[in-house]
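Observations on the model geometry
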Amino acid sequence: MPDPLAAAGSGHAPGRGRLGLIDRRDLIAALDRAAEKQVTVISAPAGSGKTSLLRAWADRPGQNRRIAFMSVRPGQQDAQHFWLALLDAVRAAAGTGDAAEPPPVTPGFDGGAMMDKVLSEITASRGPFFLVIDDLHELGSAAATEQLAALLTGLPQGAHAIVATRRDPPLRLHMLRLAGELAEIRAAQLRFTDAETREFLAVAGIVLPDHLAGMLHQRAEGWAAGLRLAALSLAGHPDPERFVSEFSGSHRTVAEYLMAEMLERQPADVQRLLLRTSLLDQVNGELADLLTGATGSERILLDLEDANAFVVSLDPGRTWFRYHHMFADLLRLELRRTVPGDIPDLHRLAARWFTEHAQAADAIRHLQAAGDWAEAARLLTDHTVSLTLDGQAGTVVALLRSFPARTGEEFPELALVYANADLHQHRLEEAQAHLDIARSYAATTPPDRRHRLRTAIVSLDLLLARLRGHFDAVFEQADALPSPATGLSNTEVALAGDLRALVLLNLGVTEAWSLRFADSERHLLEGAALAHDIGRPYLEVACLAHLGYASGNRSFAVVRQRCEQALALAARYGWDTEPVIVPAQASFAGTLICTGEFDRGQQWLDRARRGTSSEGEPGIRLLVRMISAMLLAARGRHREALAELTAAEQVQARMVSEHGLWSRVTALTAATQARLGMVDQARSALAALDDRRAAAGEIRNAAAVIRLAEQDPAGARRELRSVLDGTAPVSSFLTSIEAHLLDALACRDLGDKHAAAAAVEQALNLAEPDRMILPFAMTGAWELLEDLHPRTSHAALVSDILGVVRGGVPAGPDRPASAPAEELSPSELRVLRYLPTNLTRPEIAAELSVSPNTVNTHIRRIYAKLGAGDRSSAVQRGRELRLLSNGRS
């Protein structure tokens, strides 16, 4: 950003001479004092010298502190892009920027997790640390603003923040103010004094009589930008007295007058460049050449920056530039005043350039500014899925809002954009309505356009069906997917790649939930490969995350290997706490639990649960509940298992189609009820099933458990007959192992020890290849292994089973407390320390200056990490781990 405190050398126009600065040591000292507080807010209108003060304060030599400096981009609507820029600035200041790979953008973004990541980076930095955020008024994301407030109030000791803005930000910092940890610098403190005005003119080489210098100060009211523009205009002016006496009024009036004066004194090529490129947020030499119809624009831009003429470079190579916001506003006013008829064509030229350079959002903005609504609608429709994958869902919504009222009726293709936005926000009914409109419109379009729209519509149809659990609709839509088109441009190829990868992901996931494992595996592998080739790591991780579950008909070694591959890739991109990796976390937990690693399985299951939202995909939520219930049942905690299974049934009830795990959920629910003595409820549940469902192997096993609970072992064996002879359909070989174990228990109850031993041996034969332990723990058949141990050929596996069931119980009050499954973040620790109090969640939110939703999220994570079920147990666990004192916190 340019420096409004700089002054032009006498006789030099901007870009033709070097500008100087005066030393405003009193103001810098004031900022030094303010910066001792935890947070400092600099709030003043445009051109007041906020950025210049920050730069002068930060750039002093000999400072023993780390400073992370970032400016918010104009019109920033996307929380993710804001946080990624902030993380990059923090890492650069901390010296970890080269070692840590920046996380790519994702369509699914956890702002709270990213805030914790930034906070952790700051905490790990040694010595004083200052976070400086300029132009905060440009941040249009309410979520990012709320998260930033939480970050600022939770800064560790030794860390400070300074934010600069044109208006007071909606940051709830009242607790910091009450604690004396909030400092504020206002416009009055930034104004030049009379003495500073005279020094400023002297440094600029402007010689004025005392009375004119005093008049200039009075007319400019100490406004930095006004003095800056005045100095630029006064350099070599033939009649300085007339100049000073003729401008007065508001800052805007003064600025417009000074702008006209300054522009008139510039060479024609500089005037043309400044005016015609003012409608851009950022400009480089190539783009400036296009808009001016000339060459050499980059040299002019470099000269202007060297002269501090309201121009600043944005990259180390000094290829991209932007103008000071106020300066750009004034240039646009002048452009509208002088050549209003050229403006639409300039926007069209800019849109064409941005389209050719794959910057769709900027191209759409310029088309809208040109009034080319039809072309803007077409481009936004074509790019809506890709922009969302780029983490720009907020930008898409903002672009939609920029269309005139009733645009949807004039351009029905925008219904596709609305549908995409609806899906991103889980508004499924609205998404369906918009997709129906888009489908009707697509049928009326030319063939090439129709193909592109139909592909996009099918990709969103698939996502909608998956979120609804409407699996049959997914397969119908996949069959309707048009064949890939030929003769596409590079941009069209990229867009088609995004859509096809998304289709393969949704199709593969749905096939997995429907137990069509071979098809699922094929589509997910193809989708992962395509996503890798087109540079979409988020889609690649998403495909690989589901691949472990989709490998259910393979060995556990393959499932585990694929889960580990997905987990490693997600960790590489910093997505190990994001919802995208939950399927792999849950499936990995399942393999660990099945092989008797209950504690490790619990840890991974806790991670999966933290990444699963109540509005997320139902198939994943059902999977997490089911695995949790299996672990609880194996540990003999049947009432807790039943609660998980009830929650799983509620998820299934809201799905249109039947999840492939349905039979296991129903069967385990009935078996758990029977083990709890709720035999009538269990039998009633199975009696309500139709013949097809009742014939499933899992259901027959549950019926056998009920018979055993009724002390009818012969009846149990009859229930198991179709599973043991292979005629009953089963969803997993776990069902066959379980059937042999239940048969063994029935034989024992009948007094046939030989048959019981033979049935156990059959179960061990099936369990040996993958070292399966879970069925022995869940059924209680491990008791039969005591006598069998010396005679079996599976002695090592038997030893493992007995070791798990004897030593795998969770730590009780008489056992030393183990560490939590995962360390609590700084934000979670702050919330934990309020739990022993009598404050309600909204009251805790008010104390921490965050929203109740944020507190709820932190409490859910605290419970999961501490293994607590309620507030009191979380407090007790926190005290055991010495995270809380034994007294009132």
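Described in the following lines is the structure provided in the data block. Since this is a predicted model, take the numbers as computed values, not measurements.

Now for the overall build of the protein chain. The helix and strand inventory of the protein chain stands at 47 helices and 8 strands. Counting all 889 residues of the protein chain, 56% fall into the buried class. In the protein chain, of all internal contacts separated by at least 6 residues, the share reaching a separation of at least 24 is 70%. Accessible surface computed for the protein chain: about 36600 Å², of which carbon and sulfur atoms make up 50%.

With respect to topology, 5 strands assemble into an open sheet ordered E2-E3-E4-E1-E5, the strand pairing being parallel. The sheet is open, and its two borders are formed by strand E2 (66-71) and strand E5 (182-186), each paired with just one other strand. This sheet shows a mean twist of 15 degrees between the axes of neighbouring strands, independent of strand direction.

This part covers unusual backbone geometry. Phi is positive for Arg-318, close to 55 degrees, though the residue is something other than glycine. Along the chain, Arg-318 falls in the loop between strand E7 (311-313) and strand E8 (320-323). A relative accessible area of 27% means that Arg-318 is categorised as partly exposed.

Glancing now at the pattern of salt bridges. For the structure on display, the rule yields 54 salt bridges. Here Asp-519 makes a salt bridge to Arg-516, at a shortest N to O gap of 3.9 Å. Accessibility expressed as a relative area gives 35% for Arg-516, which makes it partly exposed. Between Glu-658 and Arg-693 there is a salt bridge whose closest N-O contact spans 2.7 Å. Residue Glu-658 is found in the loop between helix H33 (638-653) and helix H34 (662-675), and its partner Arg-693 is found in helix H36 (residues 691-694); the two are separated by 35 residues along the sequence. Of the residues examined, Arg-693 reaches a relative accessible area of 25% and is grouped as partly exposed. Linked by salt bridges that have partners in common, Glu-375, Arg-378, Asp-382, Glu-413, Arg-449 and Arg-452 make up one network.

Our next topic: the environment of Leu-742. By the element assignment, Leu-742 lies in helix H39 (residues 733-749). Overall, the relative accessible area of 2% leaves Leu-742 in the buried class. The sequence separation of Leu-742 and Phe-776 amounts to 34 residues, and the corresponding C-alpha distance is 9.6 Å. Excluding residues that lie within four positions of it along the chain, Leu-742 makes contacts with Arg-675, Asn-701, Ala-704, Val-705, Leu-708, Leu-720 and Thr-779.

Within strand E3 (residues 129-134), 6 of the 6 residues are buried, leaving the element largely enclosed by the surrounding structure. Burial along E3 is two-sided: the residues Phe-129, Leu-131 and Ile-133 and Phe-130, Val-132 and Asp-134 are all buried. Sheet topology places E3 next to strand E4 (residues 159-165); 5 bridges connect them, and they run parallel. From the neighbouring strand, Ile-133 faces E4, where its bridge partner is Val-163. With helix H5 (residues 142-153) bridging E3 and its parallel neighbour E4, the resulting β-α-β unit is right-handed.

Relative to the helices and strands, Lys-50 is located in helix H2 (residues 50-58). No salt bridge forms around the buried Lys-50; measuring N to O, its nearest opposite-charge neighbour Asp-135 is 6.2 Å away. Discounting chain neighbours no more than four positions away, the residues touching Lys-50 are Ile-42, Ala-44, Pro-45, Ala-164, Thr-165, Arg-166 and Leu-190.

Turning our attention to the packing of aromatic side chains. The relation between two aromatic rings is expressed through the spacing of the ring centres and the mutual angle of the planes. Counting across every chain of the model gives 12 aromatic pairs. Relative to Trp-83, the ring of Phe-82 lies with its centre 5.4 Å away and its plane at 75 degrees, an arrangement referred to as edge-to-face. With a relative accessible area of 0%, Trp-83 lands in the buried category. Pairwise contacts between aromatic rings join Trp-320, Trp-353 and Phe-354 into one cluster. The residue whose ring lies beneath Arg-55 is Phe-69, and the NZ or CZ to ring-centre distance is 3.8 Å. One cation-aromatic arrangement involves Arg-693 over Trp-662; the distance from NZ or CZ to the ring centre is 5.6 Å.

Let's shift gears to the sheet that holds E7. Read from one edge of the open sheet, 3 strands run E6-E8-E7, paired in antiparallel fashion. Bordering the open sheet on either side are strand E6 (283-284) and E7, each of which pairs with just one other strand. Alignment of E7 against E8, held across 3 bridges, turns out to be antiparallel. The residue of E8 that forms the bridge with Val-311 is Tyr-323.

Moving on to the side chain of His-217. Topologically, His-217 is positioned in helix H9 (residues 210-220). Residue classification places His-217 among the buried positions, given a relative accessible area of 17%. Sequence-distant contacts of His-217, defined by excluding residues within four places in its chain, comprise Phe-192, Thr-193, Asp-194, Thr-197 and Gly-222.

What follows covers helix H37 (residues 697-709). In this model H37 runs 19 Å from its N-terminal to its C-terminal C-alpha over 13 residues, within 8% of the 18 Å that 1.5 Å per residue would give. Judged by how many residues are buried, H37 sits mostly within the fold: 11 of 13 residues are covered. Of the residues making up H37, those classed as buried are Gly-697, Glu-698, Ile-699, Arg-700, Asn-701, Ala-702, Ala-703, Ala-704, Val-705, Ile-706 and Leu-708. Tucked into the core, H37 has its buried residues touching H34, helix H35 (679-687), H36, helix H38 (713-724) and H39.

Moving on: the packing of helix H17 (residues 343-356) against helix H18 (residues 360-369). Where H17 contacts H18, the two axes come as close as 8 Å, and the packing angle between them is 160 degrees. When the axes of H17 and H18 are compared, the pair comes out roughly antiparallel. Between H17 and H18 lies a crossing of left-handed hand. Across the interface between the two elements, His-347, Ala-350, Ala-351, Phe-354 and Thr-355 from H17 touch Asp-362, Ala-363, His-366, Leu-367 and Ala-369 from H18.

Within the secondary structure, Arg-66 is located in strand E2. If sequence neighbours within four positions are ignored, Arg-66 has contacts with Ala-93, Ala-94, Gly-95, Ser-125, Arg-126, Pro-128, Phe-129 and Phe-130. Of the polar contacts made by the side chain of Arg-66, one reaches the side chain of Ser-125; its length is 3.4 Å.

The end-to-end C-alpha distance of helix H4 (residues 111-124) is 20 Å, a good match for the 20 Å that 14 residues give at a rise of 1.5 Å each. All buried positions along H4 are accounted for by Gly-111, Ala-113, Met-114, Met-115, Asp-116, Val-118, Leu-119, Glu-121 and Ile-122.

Between H35 and H37, whose axes approach to 10 Å, the crossing angle comes to 150 degrees. It follows from the interaxial angle that H35 and H37 lie roughly antiparallel. Our pair here, H35 against H37, has a crossing hand that is left-handed. Mapping the contact onto sequence places Val-679, Ala-682, Arg-683 and Leu-686 in H35 and Ile-699, Ala-702, Ala-703, Ile-706, Arg-707 and Ala-709 in H37. A class-by-class count of the residues in the contact of H35 with H37 yields 8 nonpolar, no polar and 2 charged.

Parameters and conventions
- Residues numbered from 1 in each chain as written.
- Predicted model: local features only at pLDDT ≥ 70, side-chain atom pairs only at ≥ 80, totals over all residues.
- Heavy atoms only, no water.
- Helix = DSSP H or I, 4+ residues; strand = E, 2+ residues; numbered from the N terminus.
- Buried < 20%, exposed > 50% of the residue type's maximum accessible area, 1.4 Å probe, protein only.
- Contact = heavy atoms within 4.5 Å.
- Areas by Shrake-Rupley, 256 points an atom, 1.4 Å probe, with all protein chains shown as cover.
- Pairing = 2+ DSSP bridges.
- Axes fitted to C-alpha atoms, helices over the stretch in contact; angles between N-to-C directions.
- Salt bridge = Lys/Arg side-chain N within 4 Å of Asp/Glu carboxyl O.
- Right-handed = clockwise from strand over helix to strand, strands pointing away.
- Lys, Arg positive; Asp, Glu negative; His and termini not counted.
- Phe/Tyr/Trp six-rings, centres within 6.5 Å; stacked < 30°, edge-to-face > 60°.
- Lys NZ or Arg CZ within 6 Å of the ring centre and 35° of its normal.
- Expected span 1.5 Å × (residues − 1).
- Parallel < 35°, antiparallel > 145°, perpendicular 65-115°, else oblique.
- Left-handed = near helix turned anticlockwise from the far one by under 90°.
- Polar contact = N/O pair within 3.5 Å; in protein donor to acceptor, adjacent residues only side chain to side chain.
- Nonpolar A, V, L, I, M, F, W, Y, C, P; charged D, E, K, R; others polar.

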